[in-house]
Amino acid sequence: MIVAHRVEDVRAAERAALAALPAGTLMDRAAAALDVVCADVLRESTGAVAGRRAVVLAGAGDNGGDALLTAARLARRGVAVTALLTADRAHAPALATARRAGVRARAWRAGDESTCAAADLLLDGIVGIGGGGGLRPAHEGLSALDGPVVVAVDVPSGLDADTGAVTGEVLAADLTVTFGTARPAHLLAPAAGFCGRLLVADIGLADLPAPAVERVEPRDVAGRWRRPGPADDKYSRGVVGVVAGGPDYTGAAVLAVEAAVRAGAGMVRYLGPGHPTELVRHRRPEVVAGPGRVQAWVLGPGVSPEDPEQQERVRAALASGEPAVVDAGALAALPGTLGPQHVLTPHAGELARLLGVERAAVEADPLAAARRAHERTGATVLLKGSVTTVVGGGGRVLTAASAPDWLATAGAGDVLAGVLGAALAARPDEDPAVVAADAAVLHGWAATLASAGGPIAALDVAEAVPAALTSLPGWDGRP
Ligand SMILES: NC(=O)C1=CN([C@@H]2O[C@H](COP(=O)(O)OP(=O)(O)OC[C@H]3O[C@@H](n4cnc5c(N)ncnc54)[C@H](O)[C@@H]3O)[C@@H](O)[C@H]2O)[C@@H](O)CC1
Ligand SMILES: [K+]
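Rules of the game
- Residues numbered from 1 in each chain as written.
- Chains lettered and ligands numbered in written order.
- Predicted model: local features only at pLDDT ≥ 70, side-chain atom pairs only at ≥ 80, totals over all residues.
- UniProt positions renumbered as here; feature names shortened; annotations may be inferred.
- Pairing = 2+ DSSP bridges.
- Helix = DSSP H or I, 4+ residues; strand = E, 2+ residues; numbered from the N terminus.
- Axes fitted to C-alpha atoms, helices over the stretch in contact; angles between N-to-C directions.
- Contact = placed C-beta atoms within 7 Å.
- Domains from an automatic or database assignment.
- Nonpolar A, V, L, I, M, F, W, Y, C, P; charged D, E, K, R; others polar.
- Near = placed C-beta within 6 Å.
- Parallel < 35°, antiparallel > 145°, perpendicular 65-115°, else oblique.
- Left-handed = near helix turned anticlockwise from the far one by under 90°.

By the naming in an unreviewed UniProt entry, the chain goes by Bifunctional NAD(P)H-hydrate repair enzyme and is assigned to Kineococcus aurantiacus. According to its UniProt record, the chain has this under Subunit (unreviewed entry): "Homotetramer."

In structure tokens:
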């Protein structure tokens, strides 16, 4: 997991650490981490460190201080460093250190975007957790910068560290180095899209409370995916009941069933009309058609709101109280009583309809929208997207960001529903929010494997799930 804490919690932990350490220690540690990263970046992108050109942007606060101390370290490595001071004051001791090390420091001037563009490396220390609301007008041009590798100190300037929402221009980074723990903006859409690769440097912060956001990594899934033991039978491994498809949408039934089978369900039951039942049987002879004992449901892929028989099956399944994935057609008519064991899996458009807002509002702040849906329904909400956001019982927030862009393809959601159904059936005693995030990570990982950088079809993703599981870092001791 990569955990993120709210700014107030970061600041409290920082105060505790500051009180126990000599002055300047935390900033020195931050600069030491940044220096190593910047040197690596220069080496990787230009083949050398000494003799390369770096521009360091330094604002008025400690974020600028981190950047100036890093500038000093880079100058001592032989990098030609220019520091551009973006505010009317700068962190004085750090500026003095930088100057002593040979950094050329001067005030930012109009047109300095071209100074930045000509550098091999740009270090962004304009503003960190003390800022937000977009870049100031004088620096807005930096949001269109093209050329140097950009390393952000703590957070890309212009972002508000506490939220995923983006309210102005941002200096997008290729790499973001943060300290002690991540910030919510690093893990939440759309802000996370401006951070590039995220590195969390250990600077010795302790006593952090429960995180605000947790990003599930493939390694976490390897440790948690339920594997059968010698005492297991098909029932103890989990029976998945699938209510998907209908006379017109047969593919969703096949995809959801295929994915549940491939993700390790002990048994899959399919409930639906004759034509999709025949197709499901043809593709997966292991599947049992018709009602019976079920530990978790997959409800709604390819189910029309106007299909009374399938909708009745959805209603009965939800009323049973068993864990359920509530997808697509099952989202159209939610009953009043849902619990955290019910995992709603809308995409932005479906969540917008559920909340009665515009799709753009959901996309502008996916966490806020998912949270509202959770509060309204009582269900766990998994909002699909390039970053998948899960809000579960107690307001716990998890994200998954393992999916390639190629996964935005028809039927991919049906596959996720099947994978998640199998996981819910196998892990009845765990927090459904964690199970849901794990399924999203595995789904994305399978898509990456199936894609190998190229286009994919949804069925490819379902078929890749077993190989994806065994290729997870940490699976059977994999590095
Ligand atoms: N919290 C921690 O644990 C640590 C924090 N450190 C650094 O300290 C930073 C926080 O320092 P500060 O509290 O001084 O805050 P910042 O340096 O993030 O920003 C404060 C200054 O930025 C201005 N500002 C606000 N919004 C702006 C915007 N949109 N554009 C330009 N300027 C804006 C403010 O007026 C203020 O002068 C962190 O981001 C991190 O880089 C590190 O030194 C190490 C430890
Ligand atoms: K910054």
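Enquirer: Mind showing me how you'd approach the sheet that holds strand β4 (residues 104-107) here?
Expert: In a beta sheet, neighbouring strands pair by backbone hydrogen bonds and run either parallel or antiparallel. Taken in spatial order, the seven strands line up as β4-β3-β2-β5-β6-β7-β8 in an open sheet, and their pairing is parallel. Two strands lie at the open edges of the sheet, namely β4 and β8 (197-201), each paired on one side alone. Taken pair by pair, the neighbouring strands of this sheet meet at an average axis angle of 20°, ignoring direction. Of the strand pairs in this sheet, strand β3 (residues 80-85) and β4 are connected by four bridges, and their pairing is parallel. Of the residues in β4, the one forming a bridge with Leu84 is Arg106. Strand contacts of helix α3 (residues 62-76): β2 (53-58), β3, β5 (121-125) and β6 (149-153), with the helix running at about 160° to β2, the strand carrying the most contacts.

Enquirer: Looking at this model, I keep getting lost on the sheet that holds strand β13 (residues 296-299). Mind explaining?
Expert: Pairing within the open sheet is mixed, and its eleven strands lie in the order β1-β9-β18-β17-β16-β15-β14-β13-β10-β11-β12. The open sheet terminates on both sides in strands that have one partner only, identified here as β1 (2-4) and β12 (288-289). Here four bridges tie strand β10 (residues 239-243) to β13, and the two strands are oriented parallel to one another. Its bridge partner lying in β13, Val240 is registered against Ala296. Sitting on the sheet, helix α15 (residues 412-426) is in contact with β10, β13, β14 (324-326) and β15 (342-344), with an inclination near 165° to β13. On top of the sheet, helix α16 (residues 432-451) reaches β9 (213-216), β15, β16 (380-383), β17 (388-391) and β18 (397-400); it is set at about 10° to β18, its chief contact.

Enquirer: For this particular structure, what's the right way to read the UniProt feature "domain: YjeF N-terminal" (unreviewed entry) in the chain?
Expert: Sequence positions flagged by UniProt for "domain: YjeF N-terminal" (unreviewed entry) are, in local numbering, residues 10-211. Taken as a whole, residues 10-211 contains 33% helix and 18% strand, while its terminal C-alpha atoms sit 10 Å from one another.

Enquirer: Would you mind going over the domain arrangement of the chain with me for this structure?
Expert: Many structure descriptions define interface size as the accessible area lost when the parts assemble. Taken domain by domain, the chain holds domain 1 (2-211) and domain 2 (219-477). Computed from C-alpha coordinates alone, the two centres of domain 1 and domain 2 are separated by 39 Å. Between domain 1 and domain 2, the contact holds six residues from the first and ten residues from the second. Residues belonging to the side of domain 1 that touches domain 2 are distributed by class as follows: five nonpolar, one polar and no charged.

Enquirer: Quick question: what am I supposed to make of the site of ligand 1 here?
Expert: Neighbouring residues of ligand 1: 30 residues in total, closest Gly61, Asp62, Gly128, Gly130 and Gly131. Counting only elements with at least two residues in the shell around ligand 1, the list comes to α1 (7-20), α2 (25-46) and α3. The biggest single contributor to the shell around ligand 1 is α3, with four residues. For the shell around ligand 1, the class distribution of residues is 13 nonpolar, eleven polar and six charged.

Enquirer: When you look at the packing of α15 against helix α17 (residues 458-470) in this model, what are you seeing that I'm missing?
Expert: When two helices pack together, their arrangement is given by the angle between their axes and by how far apart the axes lie. Their axes nearest at 8 Å, the elements α15 and α17 cross at an angle of 25°. With respect to α17, the axis of α15 lies roughly parallel. In this structure, α15 crosses over α17, and the sense of that crossing is right-handed. Residue-level contacts link Ala412, Asp414, Val415, Gly418 and Val419 of α15 to Ala458, Val461, Ala462 and Val465 of α17.

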